[in-house]
Amino acid sequence: MSVTKLLAISLGAILTNNFIFAQFLGICPFLGVSKKSDTALGMGLAVTFVMGLASAITYGVNIILVKLHLEFMQTVAFILVIAALVQFIEMFLKKSVPTLYTALGIYLPLITTNCAVLGVALLNVQNNYNFIQSVVYGVTGGLGFLLAIYLFATIRERTQFCDYPKSFEGFPIALITAGLIALAFMGFSGLQVWPM
């Protein structure tokens, strides 16, 4: 396994195939938790942690399912793994960082149903990644999510002080902002780090 392949997977997950701006996965927490940069940062870190762990654990679960010829149970098994991980994170944050736990509120249990977390597990299987590649893709996919939600939150905080038409107040300006950031991320598509 080459470092170039891992770097390509990493850059792809963060920039060119960003779960939010290119694959449109995980939009609910992206729009819901992005009003303040500190909660967005906390949510991004929690999602990154869950994506990395979920990638590692679902790799092993998938091997067991394939050996038992139960591949059709992948989605259900992956959802159960993700739900258990999120429950663990929720208990940890409630005990260790109660302010972040309170700030994330209802959005923390929603990581269980975050399609980006399930998407990374399914894409690892679809792309035939080995264990290291799966974990790298999970962690860097989470870092791409973190980058997207944090950038969006910081811009969203600044738009509160901007002067724009009354019809754009609230959610419409947020959607326009997200669209413009996604357009900027499209500039990374076709990016070739090393000539092949």
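It should be emphasised that the depicted structure is a prediction, and the values quoted were computed from it without experimental measurement. (Residues numbered from 1 in each chain as written. Predicted model: local features only at pLDDT ≥ 70, side-chain atom pairs only at ≥ 80, totals over all residues. Heavy atoms only, no water.)

Chemist: What exactly am I supposed to notice about the overall build of the chain here?
Modeler: What the chain contains, in helices and strands, is 8 helices and 0 strands. Each helix and strand of the chain, ordered N terminal to C terminal, gives the series α-α-α-α-α-α-α-α. The C-alpha atoms of the chain give a radius of gyration of 18 Å, which matches the 16 Å a tight globule of 196 residues would have. Along the first, second and third principal axes, the C-alpha set of the chain runs to 60 × 50 × 30 Å. Evaluated residue by residue, the chain yields a buried proportion of 41% over its 196 residues. (Helix = DSSP H or I, 4+ residues; strand = E, 2+ residues; numbered from the N terminus. Rg over C-alpha atoms; globule rule 2.2 N^0.38 Å. Buried < 20%, exposed > 50% of the residue type's maximum accessible area, 1.4 Å probe, protein only.)

Chemist: I keep staring at the pattern of salt bridges and nothing clicks. Help me out?
Modeler: Charged atoms that come close allow side chains of opposite charge to pair. Within the structure shown, the criterion is met by 1 salt bridge. Its salt-bridge partner being Lys-166, residue Glu-169 comes within 3.7 Å of it at the nearest N-O pair. Residue Glu-169 is classed as partly exposed on the basis of its relative accessible area, which comes to 45%. On the basis of relative accessibility, which here comes to 65%, the residue Lys-166 falls in the exposed class. (Salt bridge = Lys/Arg side-chain N within 4 Å of Asp/Glu carboxyl O.)

Chemist: Teacher, can you tell me more about the confidence of the model for the chain here?
Modeler: Low-pLDDT portions of the prediction should not be read for the details of their coordinates. Residues of the chain with pLDDT of at least 70 account for 96%, and the chain-wide mean is 86. No element of the chain has a lower mean pLDDT than helix 5 (residues 98-104), which averages 79, and none a higher one than helix 7 (residues 131-159), which averages 92. (pLDDT = per-residue confidence, 0-100.)

Chemist: In this structure, what is going on with the packing of aromatic side chains? I would like to understand it.
Modeler: Any aromatic ring pair is given by two values, namely how distant the centres are and how the planes are angled relative to each other. Across all of its chains, the model carries 6 aromatic pairs by this definition. Ring centres 5.8 Å apart and planes at 50° place the aromatic pair Phe-19 and Tyr-137 in the tilted group. With Phe-19 in the loop between helix 1 (3-16) and helix 2 (27-32) and Tyr-137 in helix 7, this residue pair connects regions lying 118 residues apart in the sequence. Comparing Phe-19 with Tyr-137 shows no difference in burial state: the two are buried. Ring plane angle 45° and centroid distance 4.8 Å describe the contact between Phe-21 and Phe-185, whose orientation is recorded as tilted. With Phe-21 in the loop between helix 1 and helix 2 and Phe-185 in helix 8 (residues 171-186), the pair connects residues that are 164 residues apart, well separated along the chain. Relative accessible area serves as the criterion here: at 6%, Phe-21 is assigned to the buried category. A connected cluster of aromatic rings, assembled from ring pairs, spans Phe-21, Phe-30, Phe-152 and Phe-185. (Phe/Tyr/Trp six-rings, centres within 6.5 Å; stacked < 30°, edge-to-face > 60°.)

Chemist: What is the right way to read the nonpolar core from this model?
Modeler: A general tendency of soluble globular proteins is for nonpolar side chains to be buried together. Among the nonpolar cores identified, the biggest contains 46 residues, and Phe-21, Phe-30, Met-43, Ile-111, Val-117 and Tyr-137 are the most heavily contacted of them. Contacts of Phe-21, omitting those with residues within four sequence positions, involve Phe-30, Ala-148, Ala-178, Ile-181, Ala-182 and Phe-185. (Core = buried A, V, L, I, M, F, W, Y, C linked by side-chain atoms within 4.5 Å. Contact = heavy atoms within 4.5 Å.)

Chemist: Can you walk me through the packing of helix 4 (residues 74-96) against helix 6 (residues 115-126) in this structure?
Modeler: If you want to describe how two helices pack, look at the angle between their axes and the distance between the axes. Axis separation between helix 4 and helix 6 bottoms out at 10 Å; the angle between their running directions is 135°. Relative to helix 6, the element helix 4 is oriented oblique. Crossing handedness for the pair helix 4 and helix 6: right-handed. Residues Gln-74, Thr-75, Phe-78, Ile-79 and Ile-82 of helix 4 pack against Val-117, Leu-118, Ala-121, Leu-122 and Val-125 of helix 6. (Axes fitted to C-alpha atoms, helices over the stretch in contact; angles between N-to-C directions. Parallel < 35°, antiparallel > 145°, perpendicular 65-115°, else oblique. Left-handed = near helix turned anticlockwise from the far one by under 90°.)

Chemist: Would you mind going over helix 1 with me for this structure?
Modeler: Structurally, the α-helix is built with 3.6 residues per turn, so residues lying three or four positions apart point the same way. End to end, helix 1 covers 18 Å across 14 residues, agreeing with the expected 20 Å (1.5 Å per residue, within 8%). Those residues of helix 1 not exposed but buried are Leu-6, Ile-9, Ser-10, Gly-12, Ala-13 and Leu-15. Packing partners of the buried residues in helix 1 comprise helix 7 and helix 8. (Expected span 1.5 Å × (residues − 1).)

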